[in-house]
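Residue strings, one per chain:
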Amino acid sequence: MKTLNELQKELEDLKLAFKMKYLSICSGIEACSVAWHPLGWKPLGFAEIEEFRSEVLKYHYPEVKNYGDFTKITKEKIGCHTDVLVGGTPCATFSIAGLRKGLDEDRGNLALEFIKLIKRINPTWIIWENVFGVLSSNKGDDLATFLGALAECGYGFAYRVLD
């Protein structure tokens with residue numbers, strides 16, 4: 001049987017082995033960094049275009065680059081491999097409280113720009129967050145298009161509704 005010290009050492013070794021580097025797009029005021037900081041995960045950068053949110057990011061994370069418009073990010077600009085790409089593209093166009101234009105609107109089309117970013121930087125893992133209404137937007141065709149594009153990029157996927 002292992003001692004407590006041996007188990008603690010193994011746990012620390014595991015933490016070191018799984019320190020992820022992530023890129024956050026449509027970052028807002030950056031919930032991911034708050035959640036992932038205790039795990040030792042490191043942000044490679046943010047992508048936020050709204051001025052107030054960008055100022056909040058600069059205040060809390062002055063050492064992390066804000067790339068602004070995520071549609072212009074390349075692997076070369078990041079400078080290293082991205083373990084996790086995380087983001088929640090604008091949801092209003094998919095929301096049941098909105099006009100439900102889905103991918104037919106510029107804001108909804110940013111979900112497909114997210115796919116283009118995946119192709120450019122080839123992250124190991126992807127987390128895409130959106131509203132419940134994305135499941136039924138355009139009779140489910142919008143989500144099917146997004147997931148199909150992920151599959152074409154070579155990624156498997158699972159999705160959940162979290163409330």
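Placed above this text is the structure.
Because the structure is a prediction, the values reported are computed rather than measured.

**Digging into the environment of Asp 142**
Line of reasoning, step 1. Within the element layout of this structure, Asp 142 appears in helix α6 (residues 141-152).
Line of reasoning, step 2. Using a relative accessible area of 6% as the deciding quantity, one classes Asp 142 as buried.
Line of reasoning, step 3. Linking Asp 142 and Gly 87, residues 55 residues apart in sequence, is a C-alpha distance of 17 Å.
Line of reasoning, step 4. Here Leu 103 takes part through its backbone nitrogen, which lies 3.4 Å from a polar atom of the side chain of Asp 142.

**Topic: the packing of aromatic side chains**
Line of reasoning, step 1. Under the defined criterion, the tally for this structure stands at 5 aromatic pairs.
Line of reasoning, step 2. Between Phe 46 and Tyr 61, the ring centres sit 5.4 Å apart and the planes meet at 70°, which makes this aromatic pair edge-to-face. Here Phe 46 is found in strand β2 (residues 42-47), whereas its partner Tyr 61 is found in the loop between α3 (51-60) and α4 (75-78), with 15 residues between them in sequence. Of the two residues examined, Phe 46 and Tyr 61, each falls in the buried class.
Line of reasoning, step 3. Ring geometry for Trp 128 and Phe 146: centres 3.9 Å apart, planes at 25°, overall stacked. Taken as a pair, Trp 128 in strand β4 (residues 125-128) and Phe 146 in helix α6 lie far apart in primary sequence, 18 residues in all. Each member of the pair Trp 128 and Phe 146 is classed as buried.
Line of reasoning, step 4. The rings of Tyr 22, Trp 36 and Trp 41 are connected pair by pair, giving a single aromatic cluster.

**Concerning the side chain of Glu 113**
Line of reasoning, step 1. Note that Glu 113 resides in helix α5 (residues 106-121).
Line of reasoning, step 2. Setting aside residues no more than four positions away along its own chain, Glu 113 makes contact with Phe 70 and Thr 71.

**Considerations on the pairing of strand β3 (residues 84-87)**
Line of reasoning, step 1. Across the two faces of β3 the burial is the same, with Val 84 and Val 86 and Leu 85 and Gly 87 all buried.
Line of reasoning, step 2. Bridge count between strand β1 (residues 21-25) and β3: 4 bridges; the pairing is parallel. Each residue of the ladder has a partner; that of Ile 25, found in β3, is Gly 87.
Line of reasoning, step 3. Across 4 bridges, β3 lies against β4 in parallel orientation. Its bridge partner lying in β4, Gly 87 is registered against Trp 128.
Line of reasoning, step 4. With α5 bridging β3 and its parallel neighbour β4, the resulting β-α-β unit is right-handed.

Analysis parameters
- Residues numbered from 1 in each chain as written.
- Predicted model: local features only at pLDDT ≥ 70, side-chain atom pairs only at ≥ 80, totals over all residues.
- Heavy atoms only, no water.
- Helix = DSSP H or I, 4+ residues; strand = E, 2+ residues; numbered from the N terminus.
- Buried < 20%, exposed > 50% of the residue type's maximum accessible area, 1.4 Å probe, protein only.
- Polar contact = N/O pair within 3.5 Å; in protein donor to acceptor, adjacent residues only side chain to side chain.
- Phe/Tyr/Trp six-rings, centres within 6.5 Å; stacked < 30°, edge-to-face > 60°.
- Contact = heavy atoms within 4.5 Å.
- Pairing = 2+ DSSP bridges.
- Right-handed = clockwise from strand over helix to strand, strands pointing away.

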